Structures are given as C-alpha cells and as structure tokens.
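Overview (structure and organization)
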Amino acid sequence: MTAVHRLWSKVPRPLDPLRSIKIKLGAVSMGTAVVAVLIVLWGYYLGFRARHTLPVGVLISLGVTQLLAHGMTAPLREMTSAARAMARGDYSRRVRSTSRDEVGELALAFNRMAADLAAVDRQRREFVANVSHELRTPISALRAVLENVADGVTPATPEVIESALGQTERLGRLVTQLLDLSRVDAGAVPLDLMPFSADLFVSEVVSEIRAGHPEGRFVLDVPSGLTVVADRDRLHQVLANLLDNAVRHSPPGGVVSVLARPAQDGRPDHGLVLEVADEGPGIPPAERARVFERFTRGVTATAPDGGTGLGLAIVKWVVELHGGRIAVVDSPYGCRIRVQIPGGTS
C-alpha cells in the first residue's frame, strides 16, 4: 500500500494552476459532462446505441474525475495522515503543496505549523536534557561532600561546609534562572519603571558582587547625577549577571570595568549605555551572536563552575523587555558587553 500511495502521490495534478476551489469544482463537473457526451456521440457515430455507450461514458468520466480531483483531495488526505503521525510524536511528515487555491494555502500553513512544532519539540528535549545535566552536577558534588562528612572520611571543617554551601548556592541560582525563563516563555512581564540614580545603583550592585567575589577588582566609570528610568529589579539582574560572568572569566587579579553614560553623545532622551569589560580570554567574533542563547557557554568558558549558560539569555530578555539592545563589542583584550536602555535618562 505504501508503494501504491507513493506512485499515486506522484500523479500529475492538472488543476493546480487554478487559484480557486470553486473554479476547480466547476472544471471537474464540466470535464465529466464533456467526456460523457463525447463518448455517447462517438458511439452513435460507430453505430452503438446509447444504452451501450452511456455506461462506458460514465465509467470513463469517473476516471477523468478521479484524475482531475486528485490534486484537490490529496493534500487533505496527506494532512490527515501527517496529523495522526504528529499525535504519535512524529513531526517529520510534510504535505506536498503544489496547488494555488485555498487547499494549497492550507497545506503551506500546515507545513509551517509542522516545522514550528518540530522545532519546539526539539528545543523541549534539549532543554530537559540540559537542565538535567546542570542539576546533576551540583547535586552529585553536594552528595559526595555530605557522604564523606557523614562517613567520617572528611571532617566538617569550615572549608568543607563552604564547599557544600557553594553547591547549594549554585542550585539556587539555577532554580531562579529557570523560573525567569519560564516567565520568558509565558510572555512579556510588566515592568515597574521608575527613575533612580545610575551611579548609586551601579555602586550597590558592584558591592554585592564584590561580597561574593572578594578576589575581584572593579573599576567604575559612572558620572554622578546620571538618572535612568527603568525597572530597578530587572536592571539589577542585568548588571549582576554581567558582573558575575566578568569576574568568573577574568584571570586572578584581573580588573572588571563598569562604564555608564548617556547614549548618543550625551543626549538624555536617547537612553543609558552600560558596558562591562573583563580581562579574560574574550569571545571570538563567530561566537558572539550565540552567547545569548540558552545553555551556551562558548569554547572559552573555563571558569571552575562553568556557569549554567542561562545568565546571558536572561540578560538579553530583560534588555529587550525594556526595548533595548545588547551586544558583544570589540575590545583590545578580554570581553566587553554593551547594553543600551532607551529613553528616560537625564
């Protein structure tokens, strides 16, 4: 049956150039009637009576109808079969769409839907696999530490407890990031826009990051009196993630620079520009567009904990939620990420 179906699907569809299903139905009816009349007239010409030629004409007309209507109904049958395959989890089926009528447009829309569903299913599988991997690593490390302490192999020294605490903090960060991504997938999140001092804001975020990374060195270049209108909590996510990435990828003793300025040559109505730069290995130009994708760390990610690959994806979401832009820009050394938040600065 499969071979017959494949052969039948390759049969020419003579009515495909017509742009309306109504015109096609009229053409099928006209073709059937014309064939039946011609057969009867041909029978009269050869001396046969109508009772002999009419059944033959009807049969031949039915065959012509099947041939002409094949292109009209085949996409519908293919869509039915593909929909049943999708219900079983197979999103690879596509519908042959050559007609230019309403059924052809439906087939094109069906193929686009099938492609979108296949992409969503692939992303879902990759997301589950990546989350499972990210959760397994800190859980395994935490379990090993606790088992050693419980068995008396390792004493419960402050260093051991600090190591276990670090793994739990990593788990907490991952859960927080996953919750943020669930908000991304659910749609836009309303922003609580308010004016606040950019220099004080940057100083507060840097102080928080310095408390978690006492080995980090920070240099701030933020003019006093600069005010930004944004969602303070969301912008905190942006700067904290960028600073955390910069510290983790900087060499020991490396300096992390933070710059803030009004955009467009100081014009206050053009927004705020934030830049965070480190002295790490940097990001190759070919990878710069991908670093903002989920679970992407890049080949230069050599930090001890490796990160989760979610921080920059969340940063991009928050920036775009504000209507802004984010990009990795050229730098003589290390990595420099620039964020532009439009409007509302003074």
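Preceding block: the structure.
Throughout, a residue's number is its position along its own chain's written sequence, starting from 1. Totals for whole chains, interfaces and linings use every residue, but because this is a predicted model, local features are given only for residues with pLDDT of at least 70 and side-chain atom pairs only at 80 or more, for both listing and counting. Computation of side-chain values covers all heavy atoms of the structure but excludes hydrogens and water.

Details of the packing of helix α6 (residues 198-212) against helix α7 (residues 232-249)
Where we set the bar: Throughout, an axis means a line fitted to C-alpha atoms (over the contacting stretch in the case of helices), and angles, computed between N-to-C directions, take values from 0 to 180 degrees. The secondary structure listing takes helices from DSSP runs of H or I that are at least 4 residues long and strands from runs of E that are at least 2 residues long, numbered from the N terminus. Every angle not falling under 35 degrees, over 145, or within 65 to 115 is termed oblique; those three ranges are roughly parallel, roughly antiparallel and roughly perpendicular. Left-handed is the label given to a crossing in which the near helix is rotated counterclockwise from the far helix by less than a right angle, and right-handed is the label when the rotation is clockwise. Should any heavy atoms of two residues lie within 4.5 Å, those residues are considered in contact. Any residue that is not Ala, Val, Leu, Ile, Met, Phe, Trp, Tyr, Cys, Pro, Asp, Glu, Lys or Arg is counted as polar, Gly included; the first ten are nonpolar and the last four charged.
One way to put it is that α6 packs onto α7 with a least axis distance of 10 Å and a crossing angle of 45°. On the basis of the axis angle, α6 is oblique to α7. Between α6 and α7 lies a crossing of right-handed hand. Between α6 and α7, the residues in contact are F201, V202, E204, V205, V206, E208 and I209 and R232, L235, H236, L239, A240, L243 and V247, respectively. Taken together, the residues of the contact of α6 with α7 sort by class into 10 nonpolar, one polar and three charged.

A closer look at the nonpolar core
Stated precisely, the cut-off is as follows: The definition of a nonpolar core used throughout is a set of buried Ala, Val, Leu, Ile, Met, Phe, Trp, Tyr and Cys residues joined through side-chain atoms within 4.5 Å. Remark: exposure states derive from per-residue accessible area (1.4 Å probe, protein chains only) relative to the maximum for the residue type, with buried under 20%, exposed over 50%, and partly exposed in between.
In terms of nonpolar packing, the biggest core is built from 42 residues, with V202, L235, V238, L239, L242, L243 and V339 touching the most fellow members. Listing elements by their share of this core, those giving two or more residues are α6, β3 (227-231), α7, β4 (255-262), β5 (272-277), α9 (311-321), β6 (325-329) and β7 (336-341). Each residue touching L235, except ones within four places of it in the same chain, is listed here: F196, F201, V228, A230, V318 and I341. Membership of the second largest hydrophobic core comes to seven residues, among which are A82, M86, A107 and A114.

Take it as geometry only, folks, not as evidence of what the structure does.
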